[in-house]
Amino acid sequence: MTFNTAQFIISNTDYKKCPPGDKPEYAFIGRSNVGKSSLINMLTNHKNLAKTSSKPGKTQLINHFLVDDRWYLVDLPGYGWAQVSKAKKRQWKKMIADYLLNRENLYLLFILLDSRHTPQPVDMDFIKWAGENEIPLAIILTKSDKNSKNKTFANKAALETRLKQDWGELPKIFTSSATIKTGKLEISDYIRNTSKQ
Ligand code: GDP
């Protein structure tokens, strides 16, 4: 079952100002341009709930959306812009780490990777950091419509091989496309089911 209603609640730079943590929360993160806004829009049946933009360095904010009055979906700022200053990167890291390490109702972090590529160091570093800090996570391989099925499969296998170097048990890995609307049901069911646990 997909979601029925979704509304924007608030944007913050400080996790302490986020809405009261009284609902299971699911956050989304990934390199800029990975397709995060498009995925959130697809999951919530909105065209423009999360802003899609190909512009680098969009405002770095933690964005809360309330879904079906039962869950929060959280759009976290993307990482990996080459042209961003060291000071900005430090600011981003602190904001994200504070949020991820302190938000008590965070049930799961979805880390988005582009299905067209084999694992990139910046993504693997982030996944490793999240794992070491025991942040529950799942991975979504985005934009699968841009690949042949074989290519997506091969890149997923390469990711699994790479993850096995650090992980005893592999995280759940989804494949999605906001363009042809795949992965929507699987991801929303996963949110629904894990929030019951
Ligand atoms: P964000 O920066 O991670 O929020 O990425 P966006 O959602 O803004 O998407 C970045 C670009 O990729 C935009 O031009 C989107 O139209 C495009 N895009 C996003 N998802 C998909 C997808 O599933 N398939 C294809 N073909 N393009 C996508």
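Details of the structure are given in the entry above.
Cut-off values and rules
Residues numbered from 1 in each chain as written. Predicted model: local features only at pLDDT ≥ 70, side-chain atom pairs only at ≥ 80, totals over all residues. Heavy atoms only, no water. Pairing = 2+ DSSP bridges. Helix = DSSP H or I, 4+ residues; strand = E, 2+ residues; numbered from the N terminus. Axes fitted to C-alpha atoms, helices over the stretch in contact; angles between N-to-C directions. Contact = heavy atoms within 4.5 Å. Buried < 20%, exposed > 50% of the residue type's maximum accessible area, 1.4 Å probe, protein only. Parallel < 35°, antiparallel > 145°, perpendicular 65-115°, else oblique. Nonpolar A, V, L, I, M, F, W, Y, C, P; charged D, E, K, R; others polar. Expected span 1.5 Å × (residues − 1). Polar contact = N/O pair within 3.5 Å; in protein donor to acceptor, adjacent residues only side chain to side chain.

## Details of the sheet that holds strand E2 (residues 25-30)
1) Next: Taken in spatial order, the 7 strands line up as E1-E3-E4-E2-E5-E6-E7 in an open sheet, and their pairing is mixed. Where the open sheet ends on each side, the last strands, each with one partner, are strand E1 (6-12) and strand E7 (173-175). Across this sheet, the average inter-strand angle for adjacent strands is 25°, counted without regard to direction.
2) Next: By the bridge criterion, 6 bridges tie E2 to strand E5 (residues 106-114) in an arrangement that is parallel. Its bridge partner being in E5, Phe28 is matched across the sheet by Phe110.
3) Next: Packing of helix H3 (residues 121-132) onto the sheet brings it into contact with E2, E5 and strand E6 (137-142), and relative to E5 it is tilted by some 165°.
4) Next: Of the strands in this sheet, E2, strand E4 (71-75), E5, E6 and E7 touch helix H5 (residues 184-194), which is tilted by about 160° from E5.

## A word on the environment of Gly35
1) Next: The residue Gly35 is located in the loop between E2 and helix H1 (36-43) in this model.
2) Next: Since its relative accessible area comes to 17%, Gly35 is described here as buried.
3) Next: Considered as a pair, Gly35 and Ser177 are 142 residues apart in the sequence and their alpha carbons are 8.8 Å apart.
4) Next: Here Gly35 is in contact with Leu112 and Lys143, once residues within four sequence places are set aside.

## Some points on the packing of H1 against H5
1) Next: Packing of H1 against H5 brings their axes to within 10 Å, and their N-to-C directions diverge by 75°. In terms of orientation, H1 lies roughly perpendicular with respect to H5. Contact with H1, carried on its side by Leu39, Met42 and Leu43, involves Lys184, Ile187 and Ser188 of H5 and no other residues of that element.
2) Next: Of the residues contributing to the contact of H1 with H5, the split by class is 4 nonpolar, 1 polar and 1 charged.

## Observations concerning helix H2 (residues 86-102)
1) Next: Between its first and last C-alpha, H2 extends 24 Å over 17 residues, near the 24 Å set by a 1.5 Å rise per residue.
2) Next: Burial in H2 covers these residues: Trp92, Met95, Ile96, Ala97, Tyr99 and Leu100.
3) Next: Those residues of H2 hidden inside the fold are in contact with E1, E2, strand E3 (62-67), E4, E5 and H3.

## A word on the side chain of Asn41
1) Next: Residue position: Asn41 is located in helix H1.
2) Next: There is a polar contact of 3.2 Å between the side chain of Asn41 and the backbone oxygen of Lys47.

Scope: geometric values only; no functional claims are made or implied.
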